[in-house]
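Chain by chain, the residues run as shown.
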Amino acid sequence: MSGREHEGVERPACPFILTPAIASDQRSSALRAENIRKTMKMVSSMARVSPSPNGPDGDVGVIGGPHERVADAEARAFIRAALDRQALDGRNVVVIVPDATRSCPLPFLLSCVHEALVERVRGMTFLVALGTHAPMSESALAAHLGYRPQELDATYPGVRVLNHEWWDPATFVSVGTISGSRLSELSGGLLSEPVDVRINRVVVDSDVALIVGPVFPHEVVGFSGGNKYLFPGVAGQDIIDISHWLGALITSASIIGTRAVTPVRALIDEAASLICAPKTALCLVVGSGSGALHAVTFGSSEHAWAAAAEIAAETHVRYLDAPVKRVLSIIPPKYDDIWTAAKGFYKLEPVVADGGEVILYAPHVHRLSAMHPEIERIGYHCRDYFVGQWDRFKHLHWGVLAHSTHLRGAGSWDAETGERCRLQVTLATGIPEDVVQRANLGYLDPSTMDLDTYAADPDTLVVPNAGEVLFRLR
């Protein structure tokens, strides 16, 4: 499916069961807060919240820990031993990996996996979990996965490499439906429509799915990794829209860094349960921007993720004693549009004082979204802006609406006084000023900014390599 609007598809009335009335009404706001609180409490009491490393799906192997450094030889031996114990002889294996927007030493890890499996399996596919990100070129794939362009077989004999072609309907096959009543149960009543669960057919056609990827705090699901590499990583549009909109309704600030099974995590685990193939995972806790391995876990995709999330919560969260007036997020080159660079806002929103500002400093970024140009027309708005005017927006991809709310952050809207957002979001990028302002964001010319002046300002927190480490108040 393309990033365009659903053409000829009638979306239902707003499934946001939290009262979509005027946000400034105290009763409405209280009802929302109470419903969200109950939802999070409900999910936190589910049996799968803190799965034991020795749970029913088998033991989880773990090496390393918070702030430790796992040596390459130790990691290679761990991966070899873990895969040697799996019944993989003569089977087709799909290895699902992240794209280049995540810090991860993939060439090393994939060399370990390939070495362990190449003489045993019938076939091996490296499938890049793009979600709805831009496809990677051959040269980009080669650099990302660790082979010379056009010479894949020299490094990884017997392997094929595929982008997840989410824009092509032929990519997908349905593995079942999550009923409206089940979705309501999983979401605590926030959403209540059936979802057709579609996934890349390569996963369904394989005998075993092996997920290899890092775990970081995440704005939609709490912590990334595990089954998230399936949904939304190699999933169809409907489950992407539903899962991201559910996260938006709860809000990024409420869900990010939650190590329990959040409503969105419960939804994607439910979707993953519809896949017949066994699903295992090598989950990694990786130094942001460095690729250094702090920890490696292996087991079922749910249990390996849970073990890694516990470690990531100690490694990738920084705490401040008091809120700051301003944040300058310096965005690394791996985020090449605002769709991905917005992580520099998500991870800092919790520590900015009311009325404060987050500046995304990214002179290398020249567009809001490579694959979702409609965001220029929709702009960036708080959740209640969309909920309060649902008839205007329900036909759009809910995943795009979710991205909009995640970057604009907390706020309120009513028909009389309009939108009021808690924070100012300012782009210091290569995007033209008129495009930025039409998108409802602030503009700064990066060429006029003195970063040393910002660093010396006691009211400003400067964050290099922003986007993976979460900042919170104690």
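Residues numbered from 1 in each chain as written. Predicted model: local features only at pLDDT ≥ 70, side-chain atom pairs only at ≥ 80, totals over all residues. Heavy atoms only, no water.

Where helix α8 (residues 237-250) meets helix α10 (residues 263-272), the axes come as close as 9 Å, and the angle between the chain directions of the two elements is 165°. Here α8 is positioned roughly antiparallel relative to α10, judged by the angle of their axes. Taken as a pair, α8 and α10 cross one another with a handedness that is right-handed. Seen from α8, the contacting residues are I239, I242, S243, L246, G247 and I250; seen from α10, they are P263, V264, L267 and A271. For the contact of α8 with α10, the class distribution of residues is eight nonpolar, two polar and no charged. (Axes fitted to C-alpha atoms, helices over the stretch in contact; angles between N-to-C directions. Helix = DSSP H or I, 4+ residues; strand = E, 2+ residues; numbered from the N terminus. Parallel < 35°, antiparallel > 145°, perpendicular 65-115°, else oblique. Left-handed = near helix turned anticlockwise from the far one by under 90°. Contact = heavy atoms within 4.5 Å. Nonpolar A, V, L, I, M, F, W, Y, C, P; charged D, E, K, R; others polar.)

Pairing in this open sheet of five strands is parallel, and the strands run β18-β17-β14-β13-β19 from one edge to the other. Both outer strands of the open sheet, β18 (442-443) and β19 (460-463), are each paired with one neighbouring strand and no more. As judged from the two bridges shared by strand β17 (residues 424-429) and β18, these two strands associate in the parallel manner. When the sheet's bridge partners are listed, L427 is paired in β18 with Y443. (Pairing = 2+ DSSP bridges.)

At the junction of F231 and P232, the peptide bond is cis and its omega measures out at 15° in the coordinates. Structurally, P232 is set in the loop between β9 (222-223) and α8. Of note in the backbone geometry, T251 takes a positive phi value of approximately 90° without being a glycine. Here T251 shows up in the loop between α8 and α9 (252-255). Unusually for a residue other than glycine, N465 sits at a positive phi of about 50°. Locating N465 in the fold gives a position in the loop between β19 and β20 (470-473). For N465, a relative accessible area of 30% puts it in the partly exposed group. (Buried < 20%, exposed > 50% of the residue type's maximum accessible area, 1.4 Å probe, protein only.)

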